[in-house]
Amino acid sequence: MEITAQHVWLMISAAMVLLMTPGLGLFYGGMTRAKAALNMIMMSFISAGIVGVVWVLWGYSMTTGDGVLGLFGNPFTSFGLQNLMGSPDLLKAGYSATFAIITVALISGAIADRAKFGAWALFVPVWITVIYCPLAYMIWGGGLMSAGGAVTEIFGQVIDFAGGAVVEISSGTAALVLAVIVGQRHGFAKDPNHRPHNLPFIMLGAAILWFGWFGFNGGAATSVEQAGLIWINTLVAPAAAMLSWLVTEKVRHGHPTSLGAASGVVAGLVAITPSCANISPVAAIGLGLVAGAACCVFVDLKYRFGLDDSLDVVGVHLGAGLIGTLSLGLIALPVNGQGGGLFYGGGVQQLIAQTAAVIITLLLSGVGTAVIARIINKTVGFRVSHEAETAGVDLSEHAETAYAFGEIGAGFNPLRHAAAHIPTAAAPAERHAKEDSFA
């Protein structure tokens, strides 16, 4: 079989989506304290390593093929992908793997600065197997919420083109549960050092995410007309969300910030994910405006409720995921003059289907994550010690630091006599003081 343009586009899209995970690592790494930046990036990288292996062995099988009660695919149908060799379906398997990778990586932002790396590495394969794979099968693989599924027969066909429920709501819900179980960082809402340490990293990470999202949303396009609509919507929704976030931030806090701009872009991308192929560009602008303003408010609620959602995973991904998924019940375009959202005369049927999908996703991810996290917490423990958290999880978990603050900015001048810079007994304490000032 000759390779076609669609095959090439799928490979490129898969590479773009895979790049989103290290981009997420930069985005999250910049939002943490300096002494936790490497750990945050590593949580994204290890997600790629673990899920890549799981996907080939049994993950892909669980999202497609013969199902078990419409809940998940048989993990042994394509175990190791042996029966896909010589088939173009290997491309589909590779593309879908990148979605699973970034979905679980998103959750890590809720427990920044305080989680054991080993506990996270244990959480990743279990969560992918128990939560993500069944959801992907139910909505995309022929399960309960797919065409002809039992839930679809009752409530109607859910629209989730690129993962509003499967990716965003599931990860946002898991982040909420995990943040509650792991608990607050020491000094949460009191320590002024709990602030982003590297805003350029955040902006760079957001840019990589935006770039990759064109493959995330557009990789499954089946026609040039559909691809064009997806591309424009993926451009304009985050653009509008960024603007509305900045305006909201200016009104509420007095200043539009670079962190707000980056967060607004991500909120818009999340919101357009389920509907990128099913709404008009004008509706995408409206969706972005709503998502950006709403999520700007949502992220501040963590302080009111005492939820240490460290990097705003709940406020952005769960919040915008809910907005984007449910909005299809209002603004989905009719297909061949049939159906569509309430605003297009389609009645409430689509809204009912979207609501059913949201409820099922919330329950599965919420309850499943709670069980997984509590078992891990009771056995190996999810949280580092107070001393390790204070020293920084980069040092305690990886024996590394992202920055050598004691070596830069210390006034060293190579033109001066070297003897003037011989370390003294006080040097270690001074070095740590400098590092702490950047924490």
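Residues numbered from 1 in each chain as written. Predicted model: local features only at pLDDT ≥ 70, side-chain atom pairs only at ≥ 80, totals over all residues. Heavy atoms only, no water.

To be explicit about the condition: UniProt positions are given in the numbering used here, feature names are shortened, and annotations may be inferred rather than shown by experiment.
For the protein chain, an unreviewed UniProt entry supplies the name Ammonium transporter and the organism Pseudarthrobacter defluvii. The Sequence similarities (unreviewed entry) field of the UniProt record for the protein chain holds the comment "Belongs to the ammonia transporter channel (TC 1.A.11.2) family."

Topic: the overall build of the protein chain
So the rule is basically this: Put simply, DSSP H or I for four residues or longer makes a helix, DSSP E for two residues or longer makes a strand, and each gets a number counted from the N terminus. The globule rule used for comparison is 2.2 Å times the number of residues to the exponent 0.38, while the radius of gyration itself is calculated over C-alpha atoms. Burial classification: accessible surface area is computed with a 1.4 Å probe over protein chains only, and a residue below 20% of its type maximum counts as buried, one above 50% as exposed, and the rest as partly exposed. Residue exposure ignores everything except the shown protein chains as possible cover, and the areas themselves are Shrake-Rupley values with a 1.4 Å probe. For the purpose of charge, His is not counted, nor are the chain termini; Lys and Arg are scored as positive and Asp and Glu as negative. Lys charges are placed at NZ, Arg charges at CZ, Asp charges at CG and Glu charges at CD.
When helices and strands are counted, the protein chain shows 16 helices and two strands. Its C-alpha radius of gyration of 23 Å places the protein chain within 12% of the 22 Å reference for a compact globule of 439 residues. Principal-axis analysis of the C-alpha atoms places the extent of the protein chain at approximately 80 × 50 × 45 Å. A buried classification covers 52% of the 439 residues belonging to the protein chain. Summed over its atoms, the accessible surface of the protein chain is roughly 18500 Å², and 69% of this surface lies on carbon and sulfur atoms. Side chains of the protein chain carry 18 positive and 23 negative charges; the gap between the two charge centres is 11 Å.

A look at the layout of surface pockets
Put simply, the test is: Think of a 1 Å grid over just the protein atoms. A cavity is a set of points where a 1.4 Å probe fits yet cannot get out, a pocket is an open set with protein on both sides within 12 Å along at least five of seven lines, and lining residues have an atom within 4 Å of a point. Grid points are joined across faces, edges and corners, and a volume is the space filled by probe spheres set on the points. By the convention adopted, Pro, Cys, Tyr, Trp, Phe, Met, Ile, Leu, Val and Ala count as nonpolar, Lys, Arg, Asp and Glu as charged, and the other residues, Gly among them, as polar.
Volume-wise, the largest pocket comes out at about 690 Å³. In this structure, the largest pocket is lined by 25 residues; those nearest its centre are L10, K92, Y95, S96 and A220. Taken together, the elements giving at least two residues each to the lining of the largest pocket come down to α1 (5–31), α2 (37–62), α3 (89–107) and α4 (117–140). Looking at the lining of the largest pocket, the element that brings in the most residues is α3, giving five residues. For the lining of the largest pocket, the class distribution of residues is 15 nonpolar, eight polar and two charged. Residue lining of the second largest pocket: 27 residues in total, with P196, L259, K302, Y303 and D312 positioned closest to the centre. Listing elements by their share of the lining of the second largest pocket, those giving two or more residues are α8 (224–253), α9 (258–272) and α11 (301–305). Considering only residue class, the lining of the second largest pocket consists of eleven nonpolar, seven polar and nine charged.

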